[in-house]
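An overview of the molecular structure
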Amino acid sequence: MRRAFVKRFSPFLVFPLLLGFLTPAAGQPQGAEKDIVARGHYLFSLAGGCACHTAPKGPPNLGGREIPIPLAKVYSTNLTADRETGLGGWSEQQIHNAMVKGVRPNGEKILPVMPYEAYSGMAEEDLRALIAYVRTLKPVRKEIPALKTWVPFYRPLGTFVWSNLFSRFFNPPRQAPQSGVERGRYLVEHVSLCGDCHTPRSFMGVPDRSFYLAGAKKGPLGEEIPNIAPDKETGIGEWSRNDIAELLLTGVKPDLDNVQGLMEEVVQAGYKNMKREDALAIADYLKSLPPVKNKIK
Ligand code: HEC
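Rules used throughout
- Residues numbered from 1 in each chain as written.
- Predicted model: local features only at pLDDT ≥ 70, side-chain atom pairs only at ≥ 80, totals over all residues.
- Heavy atoms only, no water.
- Donors = N, O, S within 2.8 Å, 3.2 Å for Na, K, Ca; no water.
- Tetrahedral: all angles 85-135°; square planar, octahedral: opposite > 155°, others 65-115°.
- Helix = DSSP H or I, 4+ residues; strand = E, 2+ residues; numbered from the N terminus.
- Buried < 20%, exposed > 50% of the residue type's maximum accessible area, 1.4 Å probe, protein only.
- Polar contact = N/O pair within 3.5 Å; in protein donor to acceptor, adjacent residues only side chain to side chain.
- Pairing = 2+ DSSP bridges.
- Patch = residues over 30% accessible without salt bridge, like charges linked within 9 Å, V, L, I, M, F, W, Y side chains within 5 Å.
- Areas by Shrake-Rupley, 256 points an atom, 1.4 Å probe, with all protein chains shown as cover.
- Salt bridge = Lys/Arg side-chain N within 4 Å of Asp/Glu carboxyl O.
- Disulfide = S-S within 2.5 Å.
- 1 Å grid on protein atoms, 1.4 Å probe; cavity = no way out; pocket = protein on both sides within 12 Å on 5 of 7 lines; lining within 4 Å.
- Points joined across faces, edges and corners; volume = space filled by probe spheres on them.
- Nonpolar A, V, L, I, M, F, W, Y, C, P; charged D, E, K, R; others polar.

1. Considerations on the coordination of the iron atom of the ligand
Coordination angles at a metal have ideal targets, namely 109.5 degrees for four tetrahedral donors and 90 or 180 degrees for six octahedral donors. Within the protein, the atoms that donate to the iron atom of the ligand are His198 (NE2) and Met263 (SD), at distances of 2.0 to 2.2 Å. Coordination geometry of the iron atom of the ligand: the six donor atoms subtend angles of 86 to 180 degrees at the metal centre, consistent with an arrangement described as octahedral. With a gap of 65 residues between them, His198 in helix α9 (residues 195-198) and Met263 in helix α11 (residues 261-269) connect regions that are remote in the sequence. Accessibility expressed as a relative area gives 11% for His198, which makes it buried.

In structure tokens form, the structure reads like this:
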């Protein structure tokens, strides 16, 4: 039996074939790894393309975007695999620590403008996939400016005060909910982070949960942010679940106007690639919330 096999399949033929199977094309993820990266790419879209890491109209994921925070200006990180200016020198675990604990490889604390607290509620499997995708971003060199502030010890002091008074970490679910309102809640709270823009903040940047998703006169860049709680007069209570899904997938509102500014950015950089069922899950979750009256315009 064995001999017959050896005779029929000459090693000269079998070896090159086997080698072809086993040697991954340089740098290209294969098989199972490829599936994980594809899942990670989808999560990246659900996360609005992590658009804070792209300068407006600039090349994607290079960071350097200026973000105003209380008493300072901070610049987002270059997410590409460049070893010196991006994440190329970071291990998977180091990126994981940054994303859910807010700690850099050198021990430095990341300012909570990076939503690591919200991401701490992401299912481990989703997080690993997202990181696997981020690690495939082609290296592009781009130096990122340092934090700008006149306040001494801003980073260590700020993160110390924040973590003692305001921080709010989550226990991730064992698996991400796959459908229904629970799926919508999971995406809104831990992946797509609608509240990052749509929930108002105090002058110290602390989100006001009593106005959860109810809009703000001054959003992250000082612009007006609409109320997306289901209040009929001041929010989107009159929108159907399809209207909401349509806006996430196309950027077009029921009155046929296009969304602008940051919302347009997150739609274009990511939300538009979400599956309709995920957009509808988000819509159903929004509709399940208590209507909060908050007139923005
Ligand atoms: C990066 C900030 C940001 C994020 C994240 C974000 N939005 Fe928005 N959103 C905005 C801004 C700014 C506008 C106003 C756009 C305009 O004026 O055209 C807006 C507008 C909207 C509107 C239109 C409301 C109206 O009355 O016109 C809806 C609905 C909406 N967002 C839903 C969502 C949902 C759902 C999510 C999460 C899946 C989300 N947004 C995430 C910034 C954001």
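Back to the text.
2. Observations concerning the side chain of Thr85
Secondary-structure assignment places Thr85 in the loop between β2 (72-75) and α4 (92-101). A polar atom in the side chain of Thr85 sits 3.2 Å from the side chain of Asn78. Within the local environment of Thr85, its side chain forms a polar contact with the side chain of Asp82, the two groups lying 2.6 Å apart.

3. Section: the environment of Pro59
Within the secondary structure, Pro59 is located in the loop between α3 (31-46) and β1 (66-69). Taking relative accessible area as the criterion, Pro59 reaches 52% and is therefore assigned exposed. The sequence separation of Pro59 and Val140 amounts to 81 residues, and the corresponding C-alpha distance is 10.0 Å.

4. Focus: the pairing of β2
Relative to β2, β1 runs antiparallel, the two being bridged by four bridges. Residue pairing across strands places Ile67 opposite Val74, the latter belonging to β2. Between β1 and β2, which pair antiparallel one after the other, the connecting turn spans two residues, and Leu71 there sits at a positive phi close to 65 degrees. Examined bridge by bridge, β2 and strand β3 (residues 148-149) share two bridges and lie antiparallel to one another. In the strand pairing of β3, Lys73 is matched with Lys148.

5. Some thoughts on a nonpolar patch on the surface
Side chains of Phe160, Val161, Leu165, Phe203 and Met204 sit close together on the surface and give an oily, nonpolar patch of about 570 Å² of accessible area. Mapped onto the elements, Met204 comes out in the loop between α9 and α10 (241-250).

6. Describing the state of the cysteines
On inspection of all chains with the given rule, the structure shows zero disulfides. Here Cys50 stays free of any disulfide, with the sulfur of Cys52 as its closest cysteine sulfur at 8.5 Å.

7. Observations regarding the layout of surface pockets
Quantified by volume, the second largest pocket comes out at close to 400 Å³. Of all the secondary structure elements, the ones that give two or more residues to the lining of the second largest pocket are α3 and α11. Looking at the lining of the second largest pocket, the element that brings in the most residues is α11, giving five residues. Among the residues forming the lining of the second largest pocket, the class breakdown is seven nonpolar, nine polar and four charged.

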